[in-house]
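Listed below, chain by chain, are the residues.
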Amino acid sequence: MAEHESLEFGKADFVLLDNVSMDEFMANLKLRFEKGRIYSYIGEVVVSVNPYRAMNIYGRDVIEQYKGRELYERPPHLFAIADAAYKAMKRRNKDTCIVISGESGAGKTEASKYIMQYIAAITNPNQRAEVERVKNMLLKSNCVLEAFGNAKTNRNDNSSRFGKYMDINFDFKGDPIGGHINNYLLEKSRVIVQQEGERSFHSFYQLLKGAPDSLLRSLHIQKDPKAYNYIKVGGQIKSGINDNADFKAVADAMKVIGFTGDEIQTVYKILATILLLGNLSFGVDGDVTLIENTKLVSALKDLLSTKEENVEKAMLYRTVATGRDVIEKQHTVKEANYGRDALAKAIYERMFCWIVGRINDIIEVKNYDAKVHGKNTVIGVLDIYGFEISKTTGFFEQFCINYCNEKLQQLFIQLVLKQEQEEYQREGIPWKHIDYFNNQIIVDLVEQQHKGIFSILDEACMNVGKVTDEVFLQGLNTKLAKHAHFTSRKLAPTDKTLEFDRDFRIRHYAGDVAYSVVGFIDKNKDTLFQDFKRLLYNSSNPVLRGMWPEGKLRITEVTKRPLTAATLFKNSMISLVENLASKEPYYVRCIKPNEVKSPLLFERHANVRVRRAGFAYRQTYPRFLQRYKMISEFTWPNHDLASDKAAVKSLLKSCGFEHDVAYGNTKVFIRTPRTLFSLEEQRADMVKRIVLFLQKVWRGTLARMRYRRMRAALIILRAYRRYKVKSYIKDVNRRFKNVKNMKDYGRHVKWPTPPKVLRRFEEALRSIYNRWWAWTLIKSLSPEERLQVRAKVAGFEVLKGHRTDLGLQRSWEGNYLVSEWDYPDTASSFTLISGELQRRDKFMRVLFSCNVRKINRFNKSEDRTVLITDRHLYKMDPTKQYKPMKSIPLYNVTGVSVSPGKDQLVVFHTKDNRDLVVCLQVTKSLTNPFFLCSEKRKLQVNVASPIQCSMNGRKCSIVVEPKINQSAPDFTKSRSGYILSVPGN
Ligand SMILES: Nc1ncnc2c1ncn2[C@@H]1O[C@H](COP(=O)(O)OP(=O)(O)O)[C@@H](O)[C@H]1O
Ligand SMILES: [Mg+2]
């Protein structure tokens, strides 16, 4: 039961009709057709109604919908059945076949092409070049076969005039690896004559309309089809066929398939030969038969690559062997005409078979070894000519075609019945006899040994002496007089639709058809004079010669009587049916919508009856449950019963359908469609809710999945960070572990680059390390050294970057003047004075003492001494035992200025603007006044040049200038202040 198609489109499966009446069948078919649903099912059979318009239902998107799906999962379609056949082939290793039947013009050939396209589209997912090549050949072969085997008829502009059965071979992977085409009975009489409104085979018109002029000239033919007797009937017909474009397409396809240039040329030559043969006319001169238009003979000899006299002789004479003697018998005009037509038909038919053979050579599976590659399976597609029923009487060909359809119908009924019966047996459900139309009786009427129509025909043909079609009809009348499906005017004299001595009628399963016996004998004998075969075999064109191997026989060689056309056809049909019966069959029934009232529908009806006689629907328990389990609380979401069968039982019981079902071994059978529709309705109701439920669950799942992914990412991130931090810390640890024992306490150790998050941490770490390092250095110092270091640090801090020479490398003594070593003569008196000052002024420590050169406000430069304690700055006179001259409390000293150079200029700034400008006198150890800075008090230190200062309130500036002849630094006056001249070089 097809999903996704509501009942507004009618019932997708005819089996589900409430009443199987012709009216209801037709109404459903019509409704579906009008709604654009050209496909329906009868059980597993696809019914296809020819839409006569392009339908947008064969595209890639539709193919995807059907790929790998079960039949009932999607609306009816050719693709569904193609997929079913393919799946059976691939999964179960079965050879399958798809039988397409229906009357002429119902859409069989189109259907077969869509099926092939589908198979080509779903196979070879790996795009293997070899497989693609095979697929291309298989698809292209259609184009060539249709050009030579199809013709416009009154029923169909592209009617197949031959039967085609094509096997596609697949390897174990399910990819096509080759194929084989069987062709059946080409309607070759069409080569020489067509009914009003019909054409000969497309190939002739294509050649005339499409070939370039040069080619036509070389073939001795002209563009106009009306110029040729054999095809002129169709030459004037207007139709939508584009012969010109088709010619090129066919030539291209032949090239792609692998026909050589010579082969294609030979095909054209044969077509031209036939056209010219049709114009060949015979006359008599006395008792001599002759060719009236000898010019044509010369063209023919060219086309056939032979000699003119050979052509002429073959046309006019027949070689007969009587015992050892060989005589040449001249034709009558009638015989010559007969021979000419027979030749035209024969070479066309031979060429057609040769083309099929060539295609087979090329597409045939090569290098396949079942031991290596596994079993090679096939899907066969049968596109055979459909039943031909017309108001006019039919001929031999129609008789054969209709017999073929009888046989296929027989096979179809048998297989459907057989399948049905076998299914009931398998499932253990009692089989009820089904009444259906069995057409075996008609098949027998045609093909039975000795009694059948073909036998009677063959018998008539074997008669020596005058054999006529009437004699054959008499045979039928006597032997089949009592047959329920045979009649003729003689047997039913009141039936005026049949002509005396000409017509007979068969009651086919699809309806009554009248046939005229005219031509039966000739067509059955299908005589072709040996002379023609020899003519063609002796051609110097190897391609042509290859088509006629039997021309090799010499005339005296006794040959067996060749099989008649009817017998050949019968045998080919029997073997076709055997072949089909050995495969798993799938059916497509094509219907013409506008002739839908034809009795043809009877058979379909029968088929529905077969399927509906018992149960309308059946399904395996698991599948049934899968589809309907939501209906019942016992089965939703999963049942806990012993088996699926038990679950289905309880489901159906809870719905109250017990009375309408039967339980098979693996399948449940439902008798009436009502029950099924009711199940479907309930299901549709529940599905809405389930969809909501599924949406809910799925959304939740999605969110959870997203959450889990995010969390995982976070965990990974965290772990990674931790790892980076850890490895950083480890690294630091490793590098600094031993710094205590290093000479420089790890000053040279390079810091690893920290991860971003640890930048602040690294700063802190570095500062901890620096403190530790500094502390390690400082802790071993004596208190004096500490003071000194503190002073140096203070000095460094204020002067760093401003002054070139800081003297940091030297020891900072501070109280220089007490050094006995530097000042052996004065040290003791200085010590004495500073001791007095300490007592008087109560200072704690001497920070600095030094002799200086000083400039005063009267521009006088003098030697002085500066003593700085923690309370005062003293100015003393070194020449008078350091007599103190002035003391400035330190809190009045507001700042110190020095120059950026190496000189020893120092300006002490005071609050009262009486700045003290001195130049320190350098001794062995250099001095600096920065002990001041190490005091808690903040001292303003300037580094500048010139230095601005204030002498008793007067602003002045001091510059340092090196002078070459200066022995010691000294001050002189300048315009704006003072110059300290220092020794220069
Ligand atoms: N599925 C289809 N879609 C469109 N047109 C179709 C379809 N089937 C058949 N036809 C039309 O009907 C014509 C006859 O179909 P065809 O397959 O040749 O008939 P058959 O082989 O049964 O004699 C095609 O040429 C085409 O115009
Ligand atoms: Mg066809």
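In every chain, residue numbers begin from 1 and rise along the written sequence. Whichever chain is written first is A, and whichever ligand is written first is 1; the rest continue in order. Whole-chain, interface and lining totals are the exception, using all residues; otherwise, since this is a predicted model, local features are given only for residues with pLDDT of at least 70 and side-chain atom pairs are given and counted only at 80 or more. Side-chain measures here rest on the full set of heavy atoms in the structure, leaving out hydrogens and waters.

Let's shift gears to the overall build of the protein. Tallying secondary structure elements over the protein gives 30 helices and 31 strands in all. Computation of the radius of gyration draws on C-alpha atoms, with the globule rule given as 2.2 Å multiplied by the number of residues to the power 0.38. Here the protein has a C-alpha radius of gyration of 59 Å; the compact-globule value for 985 residues is 30 Å, and the former is much larger. Seen through its C-alpha atoms, the protein measures out along the principal axes to roughly 180 × 85 × 50 Å. Exposure categories follow from relative accessible area, calculated using a 1.4 Å probe and restricted to protein chains: below 20% of the type maximum is buried, above 50% is exposed, and the middle band is partly exposed. Per-residue burial for the protein yields a buried fraction of 51% across its 985 residues. Sequence-distant contacts in the protein: of pairs separated by 6 or more residues, those separated by 24 or more amount to 63%. Only carbon and sulfur atoms are counted for the fraction: they give 53% of the accessible area of the protein, which is about 48800 Å². Numbering of helices and strands runs from the N terminus; a helix is a DSSP stretch of H or I covering at least four residues, while a strand is a stretch of E covering at least two. Throughout, a residue-residue contact means that at least one pair of heavy atoms, one from each residue, lies within 4.5 Å. Only the protein chains shown count as cover for residues, with accessible areas throughout obtained via the Shrake-Rupley method and a probe of 1.4 Å.

With that settled, the discussion passes to the packing of helix α10 (residues 261-279) against helix α11 (residues 294-303). For the pair α10 and α11, the least separation of the axes is 10 Å and the interaxial angle reads 160°. As far as their axial angle goes, α11 and α10 are roughly antiparallel. When the axes of α10 and α11 are compared, the crossing they make is left-handed. Along its contact with α10, which presents K269, A272, T273, L276, L277 and N279, the element α11 presents L296, A299, L300 and L303. Ten residues, namely Ala, Val, Leu, Ile, Met, Phe, Trp, Tyr, Cys and Pro, are considered nonpolar, four, namely Asp, Glu, Lys and Arg, are considered charged, and the remaining ones, Gly among them, are considered polar. Here the residues of the contact of α10 with α11 are counted per class, giving 7 nonpolar, 2 polar and 1 charged. Here an angle of 0 to 180 degrees is reported between the N-to-C directions of two axes, which are lines fitted to C-alpha atoms, with helices fitted over the stretch in contact. Orientation categories follow fixed angle ranges, with anything under 35 degrees roughly parallel, anything over 145 roughly antiparallel, 65 to 115 roughly perpendicular, and all other angles oblique. In this scheme, a crossing is called left-handed if the near helix is turned counterclockwise away from the far one by less than a right angle; it is called right-handed if the turn is clockwise.

Turning next to the sheet that holds strand β1 (residues 39-42). A pair of strands is treated as paired once DSSP finds two or more bridges between them. Spatial ordering of the open sheet is given by β1-β2-β16-β3-β12-β6-β7, a layout of 7 strands whose pairing is mixed. At either margin of the open sheet sits one strand with a lone partner, and together these are β1 and β7 (176-184). Strand after strand, the sheet turns through a mean of 20° between neighbouring axes, direction not considered. Sheet topology places strand β2 (residues 45-49) next to strand β16 (residues 584-591); 4 bridges connect them, and they run parallel.

This part takes up the site of ligand 1. We define proximity as follows: a residue is near a molecule or strand when any one of its heavy atoms falls within 4 Å of that partner. The environment of ligand 1 is formed by 16 residues, the closest being N50, G105, K108, T109 and E110. For ligand 1, an oxygen atom lies 2.9 Å from a polar atom in the side chain of N156. Contacts described as polar in this section are N or O atom pairs within 3.5 Å, which, within protein, must combine one atom able to donate a hydrogen with one able to accept it, while residues neighboring in sequence count only if both atoms come from side chains.

In this section: the coordination of the magnesium ion (ligand 2). Metal donors were taken as nitrogen, oxygen and sulfur atoms no farther than 2.8 Å from the ion, or 3.2 Å where the ion is Na, K or Ca. Water is excluded, so coordination may look unfinished. The protein atoms that coordinate the magnesium ion (ligand 2) are T109 (OG1) and S160 (OG), at distances of 2.0 to 2.1 Å. Placement of T109 in helix α4 (residues 108-122) and of S160 in strand β5 (residues 159-160) is noted, with a sequence separation of 51 residues between them. A residue is classified by how much of its surface remains accessible, and T109, at 12% relative accessible area, is buried.

The next subject is the side chain of K188. Relative to the helices and strands, K188 resides in the loop between β7 and α6 (202-210). Judged by its relative accessible area of 12%, K188 falls in the buried class. Discounting chain neighbours no more than four positions away, the residues touching K188 are K345, E349 and D526.

Moving on to the sheet that holds strand β25 (residues 905-910). Sheets are built from strands that pair by backbone hydrogen bonding, the pairs being arranged parallel or antiparallel. An order of β23-β22-β21-β20-β26-β25-β24-β27 is seen for the 8 strands of this open sheet, with the pairing classed as mixed. Edge positions in the open sheet fall to β23 (883-889) and β27 (940-943), since each of these has one partner strand only. Ignoring which end each strand starts from, the neighbouring axes of this sheet average 30° apart. One ladder, built from 4 bridges, connects strand β20 (residues 846-855) with strand β26 (residues 916-920); its direction is antiparallel. In the strand pairing of β26, I855 is matched with V917. Contacting β20, β21 (861-869), β22 (872-877) and β23, helix α29 (residues 827-841) runs over the sheet at an angle of about 140° to β22.

To continue, consider the domain arrangement of the protein. Examined at the domain level, the protein breaks down into domain 1 (618-684), domain 2 (739-778) and domain 3 (784-954). For domain 1 versus domain 3, the distance between C-alpha centres works out to 115 Å. Boundaries between domains were set according to an automatic or database domain assignment.

Take the buried Ala, Val, Leu, Ile, Met, Phe, Trp, Tyr and Cys residues and link them wherever side-chain atoms come within 4.5 Å; each set so joined is a nonpolar core. Ranked by internal contacts, the top residues of the largest apolar core, which has 117 residues, are F148, F204, I221, M315 and Y348. Ignoring anything within four residues of it in the chain, the contact list for F148 reads L186, F201, S203, V250, M254, V267, L271, Y348, M351, F352 and I355. If you look at the next biggest cluster of nonpolar residues, it comprises 62 residues, including F14, I384, Y385 and C404.

What follows concerns the pairing of β20. Extensive coverage of β20 is indicated by the burial of 9 of its 10 residues. Alignment of β20 against β21, held across 9 bridges, turns out to be antiparallel. Counted as the bridge partner of R853 is D863 from β21. Count of turn residues in the β20/β21 antiparallel hairpin: 5 residues, of which N859 carries a positive phi of about 65°.

Looking now at the side chain of N402. Considering the arrangement of structural elements, one finds N402 in helix α15 (residues 396-427). With a relative accessible area of 0%, N402 lands in the buried category.

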